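Coordinate analysis (summary)
Single-letter residue listing:
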Amino acid sequence: MTSIRTVAVIGAGQMGAGIAQAVAVGGYDVRLYDSDEQRVPLARAMIAASLARQVGRGQLDQGVADAALARVAALSTLAQAGAADLVIEAAVEDEAVKKSVLSELTPHLGPDTLLASNTSSISITRLASATDRPDRFIGLHFMKPAPVMRLVEIVRGIATSAATYDAAVAFAESLGKTTTQAEDFPAFIVNRILVPMINEAIYTLYEGVGNVASIDKALKLGANHPMGPLELADFMGLDVVLAIMNVLYDGLADSKYRPCPLLVKYVEAGWLGRKSGRGFYDYSAEPPAPTR
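Chains are numbered independently. Their residues run from 1 in the order of the written sequence. Since the coordinates come from a predicted model, pLDDT governs what is reported: local features require at least 70, and pairs of side-chain atoms require 80 or more to be given and counted, while whole-chain, interface and lining totals use all residues. Based on all heavy atoms of the structure, the side-chain values leave hydrogens and waters out of the count.

In this structure, Glu153 sits in strand β7 (residues 151–156). For this analysis, a polar contact is any N or O atom pair within 3.5 Å, provided that within protein one partner can donate a hydrogen and the other can accept it, and provided that sequence-adjacent residues contribute only side-chain to side-chain pairs. A distance of 3.0 Å separates the side chain of Glu153 from the backbone nitrogen of Val190, its partner in a polar contact. Among all residues touching Glu153, those that are not within four sequence positions of it are Gly139, Leu140, His141, Met143, Thr180, Ala182, Phe188, Ile189 and Val190. Runs of H or I in DSSP of at least four residues are treated as helices and runs of E of at least two as strands, each being numbered from the N terminus. The contact definition used throughout considers only heavy atoms, calling two residues in contact when any of these lie within 4.5 Å.

Moving on: the pairing of strand β1 (residues 6–10). Buried residues are those whose accessible area, probed at 1.4 Å on protein chains only, stays under 20% of the maximum for their type, while exposed residues exceed 50% and partly exposed ones sit between those limits. Counting buried residues in β1 gives 5 out of 5 residues, a clear majority hidden from the surface. Residues Thr6, Ala8 and Ile10 line one face of β1 and the alternating positions Val7 and Val9 line the opposite face, and both faces are buried. Two strands form a pair only when DSSP identifies at least two bridges running between them. Relative to strand β2 (residues 29–33), β1 runs parallel, the two sharing 5 bridges. Looking across to β2, one finds that Val7 is bridged to Val30.

Next up on the list: the UniProt feature "domain: 3-hydroxyacyl-CoA dehydrogenase C-terminal" (unreviewed entry) in the chain. UniProt positions are given in the numbering used here, feature names are shortened, and annotations may be inferred rather than shown by experiment. According to UniProt, the positions carrying the feature "domain: 3-hydroxyacyl-CoA dehydrogenase C-terminal" (unreviewed entry) are residues 188–283. Overall, residues 188–283 shows 61% helix and 2% strand. The separation of its end C-alpha atoms is 31 Å.

With that out of the way, let us pick up unusual backbone geometry. A cis amide bond links Lys144 to the next residue, Pro145, at an omega of 0 degrees. Its place among the elements puts Pro145 in the loop between β6 (137–142) and β7. Omega for the peptide link from Glu286 to Pro287 comes to 0 degrees, which places this bond in the cis form. Examined against the element boundaries, Pro287 turns out to sit in the loop between β9 (281–282) and β10 (289–290). One non-glycine residue, Phe188, lies in the positive phi region at around 60 degrees. Mapped onto the elements, Phe188 comes out in the loop between β8 (178–182) and α7 (190–206).

This part covers helix α2 (residues 39–56). Over its 18 residues, α2 extends 25 Å from the first C-alpha to the last, a length consistent with the 26 Å expected when each residue adds 1.5 Å. Restricting attention to buried positions, one finds in α2 the residues Val40, Ala43, Ile47, Ser50, Leu51 and Gln54. Take α2 and look down its axis: the buried residues cluster within an arc of 100 degrees, on one side only. Exposed side chains of α2 directed beyond 90 degrees from the buried face belong to Pro41, Leu42 and Gly56. On its buried face, α2 sits against α1 (14–25), β2, α3 (62–70) and β3 (72–74). Looking at the residues trailing α2, positive phi occurs at Gly58, about 80 degrees. Given the number of residues in a helix, its expected span is that number minus one, multiplied by 1.5 Å. Arc, as used here, means the arc of the directions from the helix axis to the C-beta atoms.

Right, here's the structure in full:
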């Protein structure tokens, strides 16, 4: 198994940028690619701002932050990612999109390159089938925000080798993360438990049991959660919450995983949470105001 020195991250959205930052701070050279070329400089600016916040809070030395940012470089083509020792796919949570990226990337990979997906719910076995190396394919599910959250879920597909699993665990731990092993079932561990709870909170709002403020207050104070479920949904992105619920509903064929109609309506309206400026809260002013 080739040692990992260079890591390519495919997808320069919030998760891709966060993963790139965590990997760069861990001492690896990072190559960042997105099909939308404009996203890469924006992602690099996000990383710079995040590093500056960590320095300001005393969580990171300025020299470490400067060195980490210098290790993040842009790629102009997907093919260039093939030169990395490890490629982490962090595209949108859509199986067809992810498979398309992986199948396009595969011919450019070296024989020993490891492939990982940051999917939060989609089958690792199915994604691996779009590549020529299911034995060297694994799920590396970073939690959001990746630079801060300590956990990485490691998900093995049916063909993932023991050597690939060991390499993935060692890599995640080298970033200062704690790992947990999850089997390849829809949404794995964290989102199998967390996202249906969020969906239930949305049903509670939909049925008029409580409003946004009361539901979030109840869970924060009544269950000692650091963030209310509707606030958390906005943070994750309502489109991501819906995508995970659909994976659970389709994959497990159980009506308890049916996405709440209100969640569907919000996504149809483009009200995706923090990233769109409106979800269960309106983010046009500070503090954000509940929308229901």
